[in-house]
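This is what each chain is made of:
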Amino acid sequence: MAKDTLMDFDAALELFEPVLGFEVHVELNTKTKMFSAAANPANSENHDAAPNTLIAPVDLGLPGSLPVVNETAVRYSISLGLALGCSIASPSRFARKNYFYPDLGKNYQISQYDEPIAFEGSVDVELADGTIVTVPIERAHMEEDAGKLSHVGGATGRIQGAEYSLVDYNRAGVPLVEIVTKPIFGAEHRAPEIAKAYVQTIRDIVLSLGISEARMERGNLRCDANVSLRPRGQEKLGTRTETKNVNSMRSVERAVRYEIQRQAAILAAGGTITQETRHWHEDTGTTSPGRPKSDADDYRYFPEPDLLPVAPSVELIEELRSALPEPPAVRRRRLKTEWGFTDLEFQDAANSGILPEIEATVAAGASPASARKWWTGELTRIAKVEGKEPAELVEPAAVAELQRLVDAGTLTDKLARQVLEGMVAGEGTPQQIVDARGLAVVSDDGALIAAIDEALAAQPDVLAKIRDGKVQAAGAVIGAVMKAMRGQADAARVRELVLERAAQ
Amino acid sequence: MRHLGVLARIQLSDAEVERLTGQLDVIVDNIAKVSQVATPDIPATSHPIPLENVFRADEVGDMLTLEQALRNAPDAADGRFRVTAILGEEQ
Amino acid sequence: MTDLTRLSAADLADRLASREISSVEATRAHLDRIAAVDGDIRAFLHVSDHALEVAADIDRRRGAGDRLGPVAGVPLAIKDVLVTTDMPSTSGSKILEGYLSPVDATVVARSRAAGLVPLGKTNMDEFAMGSSTEHSAYGATHNPWDLDRIPGGSGGGSAAAVAAFEAPLALGSDTGGSIRQPAHVTGTVGLKPTYGGVSRYGAIALASSLDQVGPVTRTVLDAGLLHDVIGGHDPHDSTSLAEAWPSFAAAAREGARGDVLKGLKVGVIKELPDSGFQAGVSASFRGALAAMEAHGAELVEISAPHFEYGVAAYYLILPAEASSNLAKFDSVRFGLRVDVPGGTVEDVMAATRDAGFGDEVKRRIILGTYALSAGYYDAYYGSAQKVRTLIQRDFDTAFAQVDVIATPSAPTTAFRLGEKIDDPLQMYLNDVTTIPANLAGVPGISIPSGLAEEDGLPVGIQFLAPAREDARLYRVGAALEAVLVDSWGAPLLDRAPMLGGAL
Ligand SMILES: [Mg+2]
Ligand SMILES: [Zn+2]
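Residues numbered from 1 in each chain as written. Chains lettered and ligands numbered in written order. Predicted model: local features only at pLDDT ≥ 70, side-chain atom pairs only at ≥ 80, totals over all residues. Heavy atoms only, no water.

Under an unreviewed UniProt entry, the name given to chain C is Glutamyl-tRNA(Gln) amidotransferase subunit A, and the source organism is Microbacterium ulmi. Taken from UniProt, the Catalytic activity (unreviewed entry) comment for chain C reads in full: "L-glutamyl-tRNA(Gln) + L-glutamine + ATP + H2O = L-glutaminyl-tRNA(Gln) + L-glutamate + ADP + phosphate + H(+)". Under the UniProt heading Function (unreviewed entry), the entry covering chain C gives this text: "Allows the formation of correctly charged Gln-tRNA(Gln) through the transamidation of misacylated Glu-tRNA(Gln) in organisms which lack glutaminyl-tRNA synthetase. The reaction takes place in the presence of glutamine and ATP through an activated gamma-phospho-Glu-tRNA(Gln)." (UniProt positions renumbered as here; feature names shortened; annotations may be inferred.)

Structure representation (structure tokens):
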């Protein structure tokens, strides 16, 4: 593959204005699929299903099978549309998008075409410095996901060079909402940042609605980024490329930056941009050409005759509107003020997707600072090791109880971390684990003094140093005592007592 | 006609292309006929009996076993359907 | 001893209920009949190898005092468009040879639950595309009235099976007349229900907005009995109507009792002049109308100015929907695969579809692909859907004046095998009277009106009623049937030639 020539980012921005657009696919976490009663692999209950075991006839396009719309998926889609500030269409309609591909059971995708469920909205996206950018939304429509292909043979598991492919249709029929923006003008040098913040905001919205697990690495949230450049002062839009399936927030930012630099280099050299899809390569941080846009767009849409219009009533729409959570930007601002976090602390927590957990922990009685410390610290660390999300490890209320034990002096921080390990391992409530493992702080001075005297007697040189006024030498004795106490002592109290005993 | 064959994934022989090209006229004639009365003020009927909001409750129902899913497969491996090399891109 | 195959389903059901006969006896009689005559008729693509076990089970349950439905133990033939778990389902296509469905079509499941005994799967035009059953990948079915002639289509197998006394009941499907036109050419009864009246789940789709499953029988009452079994709401089919339906068998019995014809307003379409029909067909039609008039019916001339656009609209909508519905036959998950050495999956798909589909299917897929192609959707499919609206309006206007509309069921009697196979357009015109019902979703029934004078072949009369008024068709159909059978002295099928196997 020829290496792309890139123009310096700032130089590119001097010559060209970038215009962005995004298509974000959100997998809903309903119990069942969009059009069948098969269990939904995008719901955490079913993550571990073996290939082709979450299958109803319509997911394979079996002869005679028919789709039936999942009511909850429709409600979720309407809620999402409302959260994006969209109008809700009544009626909206399903259509068939016809194209042959082995991951598509019917060789058409049931989607929506000219009558999507939600249209004309906008979302406010907050950048790191607090700037709000309003992203215009063209539409959000309901559709079904396709199955998953794995390519066997050939070097990389990629499509090129593979000998054959295997198809798992578990994902076929997973409910999707595709959110399509209008062209985003005026992004300028913040285009990459806006791209990332937009996807982050969509993620926050679907998480606050509770309609998707929104794990980008699992494909619950997939972003196609459209980028075009036009020379400064030109009215007409440039030719755009569509970079597909960029599957992390950071990659969205990098992909947009890369396309701006790549396209600028071509245009500045007098070349033209090919309208095409492009693939993002996480490893190299580059894009490569996919299929050209022309033929494949002959989708022969027509209204899906097996399904009827979806015509939500005003009552339903208003019911769902009144149940909407705070918009993410508003909520973030409120939480940040309430919690008193620094920008960095808050951003850190938000980026880890654990604002809801911190919020619940605070609601259960912990201070915001301690809640933040547990979730962004120890729990995030364990989650990484176990390949899980922090939220899957423990209940926020239990974290609050753990912190209560620390605050009461029953546990040191170190002991508390051991208790937390027990909590993650499912050993019970913090108090139960403290009792069962005998982890409470030894607050009996008699026991501590006996251990200190023993340690001082064993290390006469240290005792001498302390008596000489070299107080820092006490560390060795404190360490020995803590070890003897198996960590279950308050180190500060031990230090006090060591100095006291040494002086005697 | 070749393009239609590609879109419909039917490999057409030259003879078939020739014969079918003639028969596309049937469609053209039908269009002409239908256009005589299909004026803009007439709404389209997509379903003969108008219904709307036909939904299914979000409850897991019967699923196929892996054996049932793969039973009719021309080729399978590893619990999955096997196909020969794919050239084109995902949509 | 009575030949059990000559009994109507209703008579069989009575004798089964009174235990005068067993289901095993009834089933065996029909299997014997199939063995004797189906070599000539070729109505069946597959004969069940466990029908007798199913029948024995029904007998056992009856013996144990189980409460069984009114038709329990009666044999049933199933059009191969309907998927079945215990028999292959091919829809008449090579591309589905040997396909075994993991689920039963809803109508099949309901038939089993009602104690009907599936005998086998009947032949049809490939994917129900045709009016002659000559487009079956497994060879043509022959008309029991004249083995050189077509049995109609696409459901020629079901109609021929019933006409040849191989089964008292059969299931059919009707997208543009595939139940009614075979009934017409075989001297049997066929009814296309209101769209949504019978579940399409498990019916291999041809054109989703037109397809409807319905009964194929020798008498109107039998059709009502079968319709009672298969009809009603099915949550697996989004287009299935949720309302409760009256008993269609009860409606047929009410019609047969008598005075339904008195004061009945029967619409005759002025835009369908007799000149458009074979002389014997229009003569038989006029004769039936006269008989109705004689029994108190009032003939009213109505206008249906848009029916003439029906065929054109139909041949835009059908290929469009079919091209999409048939995309699933791609060699990946089921069905035929033609290997292409060194080829990509695209090559394999294209080669499979070229080899696995017959000419008529390919023709319609290509036409449909064209009709849906970029830029043409509004002009083609969209305009055709407008014609549906106009035809519905014609029906609304007509049914404001009349109770039912009557037409000949098809323009000609059974033509000879091979006569029109190379003339698709001529073939398409067969459906001119039946198509409007599919476009508008209204129910239609075809019952025998007599024989055409010039060729001695059966002719059917079609009645159409407003949507959801299927029961009216059973009342009117049974009333005219009673009058005509009375005038003939015996059912029309008694005049059909004895087939080789008849003893
Ligand atoms: Mg898209
Ligand atoms: Zn999409």
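(A) Seen up close, the overall build of chain C. Each helix and strand counted, chain C has 16 helices and eleven strands in total. When the backbone C-alpha atoms are referred to their principal axes, chain C occupies close to 65 × 55 × 45 Å. Going through the 503 residues of chain C one by one, you find that 68% of them count as buried. Pairs at least 24 apart in sequence give 76% of the contacts found in chain C among residues at least 6 apart. When the accessible surface of chain C is totalled, it reaches about 14,800 Å², and 50% of it is carbon and sulfur. Distance between charge centres in chain C, computed from 42 positive and 62 negative side chains, equals 4 Å. (Helix = DSSP H or I, 4+ residues; strand = E, 2+ residues; numbered from the N terminus. Buried < 20%, exposed > 50% of the residue type's maximum accessible area, 1.4 Å probe, protein only. Contact = heavy atoms within 4.5 Å. Areas by Shrake-Rupley, 256 points an atom, 1.4 Å probe, with all protein chains shown as cover. Lys, Arg positive; Asp, Glu negative; His and termini not counted. Charge placed at Lys NZ, Arg CZ, Asp CG, Glu CD.)

(B) Expanded view of the overall build of chain B. Across its full length, chain B carries three helices and three strands. Along its sequence from the N terminus, chain B presents helices and strands in the succession α-α-β-α-β-β. Since a compact globule built from 91 residues should have a radius of gyration of about 12 Å, the 22 Å found for chain B marks it as more spread out than a globular shape. Its C-alpha atoms give chain B principal-axis dimensions of about 55 × 45 × 25 Å. Taken across its 91 residues, chain B has 43% of its residues classed as buried. (Rg over C-alpha atoms; globule rule 2.2 N^0.38 Å.)

(C) Quick look at the interface of chain B and chain A. Contacts between the two partners involve 36 residues from chain B and, on the opposite side, 61 residues from chain A. Surface buried jointly by chain B and chain A totals about 4,200 Å² across both partners, of which 58% is contributed by carbon and sulfur atoms. The tally of links between chain B and chain A comes to 22 residue pairs in polar contact (both at pLDDT 80 or more). The set of elements that each furnish at least two residues to the side of chain B that touches chain A consists of α1 (2-7), β1 (55-56), α3 (66-70) and β3 (80-84) of chain B. At five residues, the largest contribution of residues to the side of chain B that touches chain A is made by β3 of chain B. Classifying every residue of the side of chain B that touches chain A gives 16 nonpolar, nine polar and eleven charged. (Buried area = accessible area lost by both parts, 1.4 Å probe. Polar contact = N/O pair within 3.5 Å; in protein donor to acceptor, adjacent residues only side chain to side chain. Nonpolar A, V, L, I, M, F, W, Y, C, P; charged D, E, K, R; others polar.)

(D) Examining the coordination of the magnesium ion (ligand 1) more closely. Residues and elements named next belong to chain A. Only Glu23 (OE) and Glu178 (OE) from the protein coordinate the magnesium ion (ligand 1), and they sit 2.4 to 2.7 Å from it. A separation of 4.1 Å is found between the magnesium ion (ligand 1) and the zinc ion (ligand 2), which are bridged by Glu178. Remark: Glu178 occurs in strand β10 (residues 175-181) and Glu23 occurs in strand β1 (residues 16-27); sequence separation between them is 155 residues. Looking at Glu178, the relative accessible area reads 9%, which means it is buried. (Donors = N, O, S within 2.8 Å, 3.2 Å for Na, K, Ca; no water.)

(E) Broad picture of the coordination of the zinc ion (ligand 2). At 1.9 to 2.1 Å from the zinc ion (ligand 2) lie its protein donor atoms, namely His25 of chain A (NE2), Glu143 of chain A (OE) and Glu178 of chain A (OE). The sequence pattern describing where the donors of the zinc ion (ligand 2) fall on their chain is H-x117-E-x34-E.

(F) Just the nonpolar core, in detail. By size, the foremost hydrophobic cluster in this structure holds 129 residues, and its most contacted members are Leu82 and Phe127 of chain C. Top element by residues in this core is helix α10 (residues 310-325) of chain C. It accounts for ten residues. Beyond its immediate chain neighbours, meaning those up to four positions away, Phe127 of chain C contacts Ser91, Ser93, Ile95, Leu96, Ile204, Leu206, Leu326, Phe329, Phe357 and Val361 of chain C. Membership of the second largest hydrophobic core comes to 71 residues, among which are Val74, Ile137, Met142 and Ile179 of chain A. (Core = buried A, V, L, I, M, F, W, Y, C linked by side-chain atoms within 4.5 Å.)

(G) Broad picture of empty space enclosed by the protein. Counting across every chain of the model gives ten cavities of 30 Å³ or more. Its boundaries defined by the atoms lining it, the largest cavity holds a volume of some 80 Å³. Every residue lining the largest cavity is listed: Val58, Gly64, Ser65, Leu66, Pro67, Arg96, Lys106, Tyr108 and Asp306 of chain A together with Ala205, Asn325 and Lys328 of chain C. Among the residues making up the lining of the largest cavity, the classes are represented as five nonpolar, three polar and four charged. (1 Å grid on protein atoms, 1.4 Å probe; cavity = no way out; pocket = protein on both sides within 12 Å on 5 of 7 lines; lining within 4 Å. Points joined across faces, edges and corners; volume = space filled by probe spheres on them.)

(H) Structural detail: the UniProt feature "active site" (unreviewed entry) in chain C. Residues and elements named next belong to chain C. Within the UniProt annotation, "active site" (unreviewed entry) is assigned to Lys79, Ser154 and Ser178. What stands out for the annotated residues spanning 100 residues is how close their C-alpha atoms remain, the widest pair being 10.9 Å apart. Considering the arrangement of structural elements, one finds Lys79 in strand β2 (residues 75-79). Its relative accessible area of 0% is what places Lys79 among the buried residues. Other than its neighbours up to four places away in sequence, Lys79 contacts Lys121, Thr122, Met124, Ala128, Ser154, Gly155, Ser158, Leu171, Gly172, Ser173 and Ser178.

(I) Here's a closer look at the pattern of salt bridges. Enumeration over the complete set of coordinates arrives at 60 salt bridges over all chains. The residue Arg61 of chain C makes a salt bridge to Asp66 of chain C at a minimum N-O spacing of 3.6 Å. When salt bridges that share partners are traced, they join Asp4, Glu259, Arg262, Glu276 and Arg278 of chain A into one network. (Salt bridge = Lys/Arg side-chain N within 4 Å of Asp/Glu carboxyl O.)

(J) Region of the structure containing the pairing of strand β11 (residues 458-464) of chain C. Residues and elements named next belong to chain C. The element β11 is extensively covered by neighbouring structure, given that seven of its seven residues are classed as buried. Of the two faces of β11, the one holding Pro458, Gly460, Gln462 and Leu464 and the one holding Val459, Ile461 and Phe463 are both buried throughout. By the bridge criterion, four bridges tie strand β9 (residues 404-408) to β11 in an arrangement that is antiparallel. Within β11, the position partnered with Ile405 by the bridge is Leu464. Strand direction decides the pairing type here: strand β10 (residues 444-451) and β11, joined by seven bridges, are antiparallel. Note that in β11 the partner of Leu451 across the bridge is Pro458. Counted between consecutive antiparallel strands, the loop separating β10 from β11 contains six residues, among which Gly456 sits at a positive phi close to 65°. (Pairing = 2+ DSSP bridges.)

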